[in-house]
Structures are given as structure tokens and as C-alpha cells.
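A structural walkthrough
What follows is each chain in one-letter form.
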Amino acid sequence: MSDLLDPRLIIHPQRTTLMAALAQQWLRTGTEAIAARGRFDCALAGGSTPRELYALLGQPAHAKHLDWSKTHIFWGDERCVGPEDPDSNYRMTREALLQKVPLPASNIHRLHGESEPSVAAEVYESELRQHFGAEARFDLLLLGLGTDGHTASLFPGSPVLDEARRWVAAAADPHVAGRWRLTLTLPLLNAARRVDFLVAGADKAQPLAQVLRGGDASAALPAARIRPRAGTLHFWADAAAAWLCQAS
Ligand code: 6PG
């Protein structure tokens, strides 16, 4: 079901139907990428919302539809913690999806949150450049939306928002004193062929409406800076998150 107001917005009444529909789209995107270019390069979102989506993708009824040997998994960001830390986006993804599908270990491109942040950013950038060459384009970039309008680990007012050259940067976590994060930067994020935001829950209604509204009201929101240069952009939302976006 799409909202007539904004073609980028895809609304599903329930969180469960939203996750099921996005899982189908994710698999379609992957299959098409492999058919077109021989592999599927996907950057995943962290946080808590996508866990349900990843768990669906890990179910045999879904997983059987993708050639995991040609699928490469990256992350849009990571907390600067070890891979076994409860806050690790990698751990969340491994538990929900990676340990359930036949993905070669060499196809899992983990951000090393346990390393010194600036070193981890440089290492990941080298890994990206080795994988993609000079022109890095994810076939699919999955992003979440924070209640403050952040996405990946691009937070409002962060100097990383002005990064024009590097693909990976360390960013201070404004929500956890002394905690750092690793994030892909806007030049790389906006090179993606397809960007899908997954937004669910009433607490995301305000930032989602603000991002979609555009203009000055959204200028301060990092999520509003996601504008794929040569790709598609969609916001997949449940009714709770989209209620401020619908026709009044
Ligand atoms: C992270 C994410 C972050 C997330 C949003 C939404 O590491 O936290 O990458 O950008 O997508 O904060 O998080 P929730 O889905 O948990 O609300």
C-alpha cells in the first residue's frame, strides 16, 4: 500500500506485514543484483527495529530464494564495542540472520568496533576499496531512522556530516557518554543503487514526517541528507510511524 502524497513512502498497517513486505523486496533486490552483476552487495542497518526483518530473512522459506554465496554483507554503522557486546550491530545481525544462512565467512564484512575508532575506520575503508574499487555502490542500503532524525551513526550537528572524501568515519555517540561509533559517510551512502529506510513505531512519526516534508524543517536531520545520486529511495513504514505523513 503506498501513500498518494509521497511515492517514496510505502505504508503497511501492521509492523508484521511491513517486515514481510520489506523481506520480499530485499530478496528481490538481491536476486536482481546477482543476475545483473554477479553479486549482491548489501549494507545493513543496526539498532533494534531491523532484527525482526533479519529474522524473517533467516527463515528457510525466505533464505532459500537467495544465492548467499554471491551475497556480501556490510553495515552502515557499528558501535565501538566488541562483536560479542549486547550493543553490537554485528552480534544482533549474526543472531537474527547470519548464523542461519549459508553465507561464506569471507562475505561478512564486519566493522571492527573493538579496535581504536580511527584505525577501525581506515581498515574498513581499505576493505571497501578492495571490494569495490574506486566506485563503491551498494546494491541495497538498509537504513533506520532515529527519533532525533539520525541515520546510520550520522547524528544532528556531527562534523562527519560534512565529510566529502572518506567513506568511513568515527563519530562520537551523543547518547552514550564516552562511546564512539563507526559510520559510513554521505558520499558512500548516497552512491547506493537502492536505499530503503525501515521505520516503525509511533516514536518515529515526527522525524519521518519531517524528513519527507523536506525544506528547512528537515535540513538539520541527517536522514534528510540521504539522497541517492543515481539510485532509488523509499521509506518503509508501519501506520504508527506514518500517521503524520498521511493526507489530513
Ligand atoms: C544504530 C543504527 C541507528 C538506528 C536508528 C534506529 O546503530 O543504532 O544504525 O542508525 O538505525 O537509531 O534505531 P532503532 O531501529 O533501534 O529505533
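Relevant structure appears above.
Note that the structure is predicted; figures quoted are calculated from it, not measured. (Residues numbered from 1 in each chain as written. Predicted model: local features only at pLDDT ≥ 70, side-chain atom pairs only at ≥ 80, totals over all residues. Heavy atoms only, no water.)

**Some points on the sheet that holds strand 3 (residues 71-75)**
Strands sit in the order 1-9-8-5-2-3 across an open sheet of 6 strands; the sheet is parallel. What marks the edges here is a single partner per strand, and that holds for strand 1 (9-12) and strand 3. With direction set aside, neighbouring strand axes in the sheet form an average angle of 20°. Sheet analysis places strand 1 next to strand 9 (residues 232-238), joined by 4 bridges and oriented parallel. Counterpart to Ile10 in the pairing with strand 9 is Trp236. Relative to the sheet, helix 2 (residues 50-57) contacts strand 2 (40-44), strand 5 (140-143) and strand 8 (194-199), its axis offset from that of strand 5 by approximately 135°. (Pairing = 2+ DSSP bridges. Helix = DSSP H or I, 4+ residues; strand = E, 2+ residues; numbered from the N terminus. Axes fitted to C-alpha atoms, helices over the stretch in contact; angles between N-to-C directions. Contact = heavy atoms within 4.5 Å.)

**Some thoughts on the pairing of strand 9**
For strand 9, the tally of buried residues reaches 6 of 7 residues, placing the bulk of the element in the interior. Note that strand 8 and strand 9 share 6 bridges and pair parallel. Within strand 9, the position partnered with Val199 by the bridge is Ala237. (Buried < 20%, exposed > 50% of the residue type's maximum accessible area, 1.4 Å probe, protein only.)

**Here's the deal with the packing of helix 2 against helix 4 (residues 89-96)**
Where helix 2 meets helix 4, the axes come as close as 8 Å, and the angle between the chain directions of the two elements is 35°. With respect to the hand of their crossing, helix 2 and helix 4 are arranged in right-handed fashion. Only Met92, Thr93, Glu95 and Ala96 of helix 4 make contact with helix 2, whose side of the interface consists of Arg51, Tyr54 and Ala55. When its residues are assigned to classes, the contact of helix 2 with helix 4 shows 4 nonpolar, 1 polar and 2 charged. (Left-handed = near helix turned anticlockwise from the far one by under 90°. Nonpolar A, V, L, I, M, F, W, Y, C, P; charged D, E, K, R; others polar.)

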